[in-house]
Every structure is written in C-alpha cells, then in structure tokens.
Amino acid sequence: MSHYHAVVWLDHNEANIMHISPDDVEKSVVSPATPHRNLHRKRGSVSGSRQPEDQNYYHEIVEALAGAAEILIVGPGQAKLELIKHIHSHDQGVSDKVIGVETVDHPSDAQLVAFARKYFVAKDRMLSQ
C-alpha cells in the first residue's frame, strides 16, 4: 500500500484498519479466530486467572498495518494497550511507527478517518516547530 498514515480502531472482537492518504482510504477488518469471551472475568477459570490474549489476532493486525509510516492506535478499552505490548515484544520495527494511542469509543468509519486526519495534521504541526 502506498499510504503514509494508518489508523487502527480495535477492541477484543474486531479491528478496523484504515490506510489514509489525502484523497483515498483503504479499509480492512481483522477479527480474532475465537470469539471474545469476557477476557477480564476470572469466574469459570480453573486457574482463577484471565484468559490469555490472542497473539495471532494482534499479529494479523500488525500485518494489515504494513506499508504505513505513521500509525495511530485507538479503541475503547484495553485491547489497544495489548496491541502495543504485542508490538513491543514481537514487532520491533513497527513500534517506531506508532505515533499515538488514544481512547475512542465506537466511531463510524467517516468519524474515525476524520479523527485520524485531524490527529496527523496536529502532530505534523507540532513537529515542524
């Protein structure tokens, strides 16, 4: 992909990846292999601990972000932080491309693209000073 910017909105059920250029947006969706089943609940667990994170899900998200020079990660809960942990542990080359992590509830595609464009413009202005 020839897009410089990318934004990913994710939770534990789905990731929406948008590669953004001034005139174009390419969207892809990544879903985990196993459906979300209350990761934070310990009840019903033999060990009394949380279910492990789906590392394959996070790896597929990173693969979908390929080609982007700057990445913004957003989402409503902990999944965005788990993605950051995965990137730092498994995809060192991508960690330098992540320029921000923000909490964003459940935007439409148009709202997500508008938020990302505004974020990237503000970031570029800050760097040029």
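Going by the structure above, here's the rest.
Residues numbered from 1 in each chain as written. Predicted model: local features only at pLDDT ≥ 70, side-chain atom pairs only at ≥ 80, totals over all residues. Heavy atoms only, no water.

Moving on to the overall build of the protein chain. For the protein chain, the helix and strand inventory stands at 4 helices and 5 strands. Listing the helices and strands of the protein chain from first to last along the sequence gives β-β-β-α-β-α-α-β-α. Out of the 129 residues in the protein chain, the part that is buried amounts to 40%. Once local pairs closer than 6 in sequence are excluded, the contacts in the protein chain between residues at least 24 apart make up 63%. Carbon together with sulfur atoms contributes 51% to the accessible area of the protein chain, which is approximately 7700 Å² in total. (Helix = DSSP H or I, 4+ residues; strand = E, 2+ residues; numbered from the N terminus. Buried < 20%, exposed > 50% of the residue type's maximum accessible area, 1.4 Å probe, protein only. Contact = heavy atoms within 4.5 Å. Areas by Shrake-Rupley, 256 points an atom, 1.4 Å probe, with all protein chains shown as cover.)

The next subject is the pairing of strand E3 (residues 25–30). The pairing of strand E2 (residues 15–20) with E3 spans 6 bridges and is classified as antiparallel. When the bridges of E3 are listed, His19 appears paired with Glu26. Following E2, the chain reverses through 4 residues before pairing antiparallel with E3. (Pairing = 2+ DSSP bridges.)

Turning our attention to the packing of helix H1 (residues 55–64) against helix H2 (residues 79–90). One way to put it is that H1 packs onto H2 with a least axis distance of 10 Å and a crossing angle of 80°. As far as their axial angle goes, H2 and H1 are roughly perpendicular. Every residue of H2 that contacts H1 at Gln55, Tyr58, His59, Ile61 and Val62 is listed here: Ala79, Glu82, Leu83, His86, Ile87 and His90. Among the residues making up the contact of H1 with H2, the classes are represented as 6 nonpolar, 4 polar and 1 charged. (Axes fitted to C-alpha atoms, helices over the stretch in contact; angles between N-to-C directions. Parallel < 35°, antiparallel > 145°, perpendicular 65-115°, else oblique. Nonpolar A, V, L, I, M, F, W, Y, C, P; charged D, E, K, R; others polar.)

Let us look at the packing of aromatic side chains. In total, this model carries 3 aromatic pairs according to the counting rule given. Judged by centre distance (5.3 Å) and plane angle (45°), the rings of Tyr57 and Tyr58 are tilted. Just as Tyr57 is buried, Tyr58 falls in that class too. An aromatic cluster is defined as three or more aromatic residues linked by ring pairs; in this entry it consists of Phe115, Tyr119 and Phe120. (Phe/Tyr/Trp six-rings, centres within 6.5 Å; stacked < 30°, edge-to-face > 60°.)

With respect to the helices, strands and loops of the structure, Asp11 is situated in the loop between strand E1 (5–10) and E2. Buried within the structure, Asp11 lacks any salt-bridge partner; its nearest side chain of opposite charge belongs to Lys80, at an N-O separation of 11 Å. At 2.8 Å, the side chain of Asp11 and the backbone nitrogen of Asn13 are in polar contact. Here Asp11 is in contact with Tyr57, Pro76, Ala79 and His106, once residues within four sequence places are set aside. (Lys, Arg positive; Asp, Glu negative; His and termini not counted. Salt bridge = Lys/Arg side-chain N within 4 Å of Asp/Glu carboxyl O. Polar contact = N/O pair within 3.5 Å; in protein donor to acceptor, adjacent residues only side chain to side chain.)

On to the side chain of His19, then. Assignment of secondary structure puts His19 in strand E2. Given the relative accessible area of 0%, His19 is considered buried. In this structure the side chain of His19 is engaged in a polar contact, spanning 2.8 Å, whose partner is the backbone oxygen of Ala64.

A few words on the pattern of salt bridges. Scanning the entire structure with this criterion turns up 3 salt bridges. The closest approach of N and O atoms between Lys27 and Asp109, which form a salt bridge, is 2.8 Å. Of this pair, Lys27 sits in strand E3 while Asp109 sits in helix H4 (residues 109–128), and the two are 82 residues apart along the sequence. Two residues, Lys123 and Glu70, come together in a salt bridge whose shortest N-O distance is 2.5 Å. Pair noted here: Lys123 is in helix H4 and Glu70 is in strand E4 (residues 70–75), with a separation of 53 residues, a long-range link. Residue class for Lys123 comes out buried when judged on its relative accessible area of 15%. Of the residues examined, Glu70 reaches a relative accessible area of 8% and is grouped as buried.

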